[in-house]
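Below, each chain spelled out in residue letters.
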Amino acid sequence: MRRVFIFVLIAYCMAQIPSFAEDWSDFSGNLWGEQKAITNDEFEKAIDTLQSKQKKKEAKQRKKKIKKFSGGGTSLHNTLDPLSEIQAQDPLKKTDKDEGRLLNIPVQLYIGDELLDTGYYNVFGEKDKNGEIYLSFYQAHYFKGKVKANETKDDFKSDSIDFVKLIPYNEDYVMVGYGSLDFNAYVYIRYKNP
């Protein structure tokens, strides 16, 4: 009985397949029959059109961002226009360590136990391997003294990056401010009252 039932079921399904095929052929004929073939040139033109629209949209968004950042309009200076190209800057030149920075000392300074006479001195700043900063004083090519200095971010209102200044502090001390590309430093040094 079971075999007869399976046989009848299979025969019924086989009879239905041709009728389904006729129905699907109506759909497939309309679906695939009216499609047009596209050439490579037409495809590339369509892609270029889509990409050009995207590029225009990105350029418009970029202009909006620039306007939001710079406030719109152009600057009073032509070189600061937000749409202009940024010009390359010359790299900063490091001062040769052999030159030092010239300092006029009008008073006698105590460097350790020694007394440094008045005059012009070349001041060299150096950082040792432990990160401590020392200022060395030379007159001509003669070493005259060395003091430990403190690193700072202050530029002591100097117009240049490389500088050394002697700044009066109080009745007993002067401050020596030193600046370079590597670091800025200062030290308080006692001086001899005349």
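See the structure above.
Residues numbered from 1 in each chain as written. Predicted model: local features only at pLDDT ≥ 70, side-chain atom pairs only at ≥ 80, totals over all residues. Heavy atoms only, no water.

Student: How do you make sense of the overall build of the protein chain when you look at a structure like this?
Tutor: Per the secondary structure count, the protein chain includes two helices and nine strands. Put simply, the protein chain runs from its N terminus to its C terminus through helices and strands in the order α-α-β-β-β-β-β-β-β-β-β. Looking at the protein chain as a whole, 20% of its 194 residues qualify as buried. Nonlocal contacts in the protein chain, meaning residues at least 24 apart in sequence, comprise 36% of its contacts between residues at least 6 apart. Surface summary for the protein chain: the accessible area is close to 16400 Å², and the carbon and sulfur share equals 54%. (Helix = DSSP H or I, 4+ residues; strand = E, 2+ residues; numbered from the N terminus. Buried < 20%, exposed > 50% of the residue type's maximum accessible area, 1.4 Å probe, protein only. Contact = heavy atoms within 4.5 Å. Areas by Shrake-Rupley, 256 points an atom, 1.4 Å probe, with all protein chains shown as cover.)

Student: Would you explain unusual backbone geometry in this entry?
Tutor: Glycine aside, a negative phi is what most residues show, and trans is what most peptide bonds show. Even without glycine at this site, phenylalanine 156 takes up a positive phi of about 55°. Residue position: phenylalanine 156 is located in the loop between strand 6 (142–152) and strand 7 (163–168).

Student: Got a minute to help me understand the nonpolar core in this structure?
Tutor: Note that soluble globular proteins tend to have their nonpolar side chains buried in a common cluster. Residues Leu135, Phe137 and Ile189 are the most contacted members of the largest nonpolar core, which totals 21 residues. For this core, the secondary-structure elements that each account for two or more residues are strand 1 (101–105), strand 2 (109–111), strand 4 (119–127), strand 5 (133–139), strand 6, strand 8 (173–179) and strand 9 (184–190). Look past the residues within four positions of leucine 135 in its chain and what remains in contact with it is Val123, Phe124, Gly125, Gly145, Lys146, Val147, Ala149, Val176, Tyr178 and Val187. (Core = buried A, V, L, I, M, F, W, Y, C linked by side-chain atoms within 4.5 Å.)

Student: Would you mind going over the side chain of arginine 101 with me for this structure?
Tutor: Inspection of the secondary structure puts arginine 101 in strand 1. Residue classification places arginine 101 among the buried residues on the basis of a relative accessible area of 11%. Looking at arginine 101, its side chain comes within polar contact range of the side chain of aspartate 162, at 3.1 Å. (Polar contact = N/O pair within 3.5 Å; in protein donor to acceptor, adjacent residues only side chain to side chain.)

Student: Would you mind going over the pattern of salt bridges with me for this structure?
Tutor: According to the stated counting rule, one finds four salt bridges in the structure shown. Residue lysine 127 pairs with glutamate 151 through a salt bridge whose shortest N-O separation is 3.4 Å. Taken together, the residues lysine 127 in strand 4 and glutamate 151 in strand 6 connect sequence positions 24 residues apart. Judged by relative accessible area, lysine 127 falls into the partly exposed class, the value being 42%. With a relative accessible area of 47%, glutamate 151 lands in the partly exposed category. Between glutamate 132 and lysine 148 there is a salt bridge, with its nearest N and O atoms 3.5 Å apart. Note that glutamate 132 is positioned in the loop between strand 4 and strand 5 and lysine 148 in strand 6, a separation of 16 residues in sequence. (Salt bridge = Lys/Arg side-chain N within 4 Å of Asp/Glu carboxyl O.)

Student: I keep staring at the packing of aromatic side chains and nothing clicks. Help me out?
Tutor: Note on aromatic pairs: each is described by the distance of the centres and the angle between the planes. Using the criterion set out here, one finds six aromatic pairs in the structure. Judged by centre distance (4.5 Å) and plane angle (50°), the rings of tyrosine 169 and tyrosine 188 are tilted. One end of the pair, tyrosine 169, is in the loop between strand 7 and strand 8; the other, tyrosine 188, is in strand 9, with 19 residues separating them in the sequence. The exposure class of tyrosine 188 is partly exposed, given its relative accessible area of 38%. What links up through ring pairs into an aromatic cluster is the set Phe124, Tyr138 and Phe143. Sitting over the ring of tyrosine 134, lysine 146 keeps its end group 5.1 Å from the ring centre. The residue whose ring lies beneath arginine 190 is tyrosine 110, and the NZ or CZ to ring-centre distance is 4.2 Å. (Phe/Tyr/Trp six-rings, centres within 6.5 Å; stacked < 30°, edge-to-face > 60°. Lys NZ or Arg CZ within 6 Å of the ring centre and 35° of its normal.)

Student: Is there a simple way to think about a nonpolar patch on the surface in this case?
Tutor: Where nonpolar side chains cluster on the molecular surface, the patch consists of Phe5, Ile6, Leu9, Ile10 and Met14 and spans about 530 Å² of accessible area. Mapped onto the elements of the fold, leucine 9 is located in helix 1 (residues 2–33). (Patch = residues over 30% accessible without salt bridge, like charges linked within 9 Å, V, L, I, M, F, W, Y side chains within 5 Å.)

Student: Mind showing me how you'd approach the environment of glycine 125 here?
Tutor: Its place among the elements puts glycine 125 in strand 4. The exposure class of glycine 125 is buried, given its relative accessible area of 12%. Once the C-alpha coordinates of glycine 125 and alanine 149 are considered, the two residues, 24 residues apart in sequence, prove to be 8.9 Å apart.

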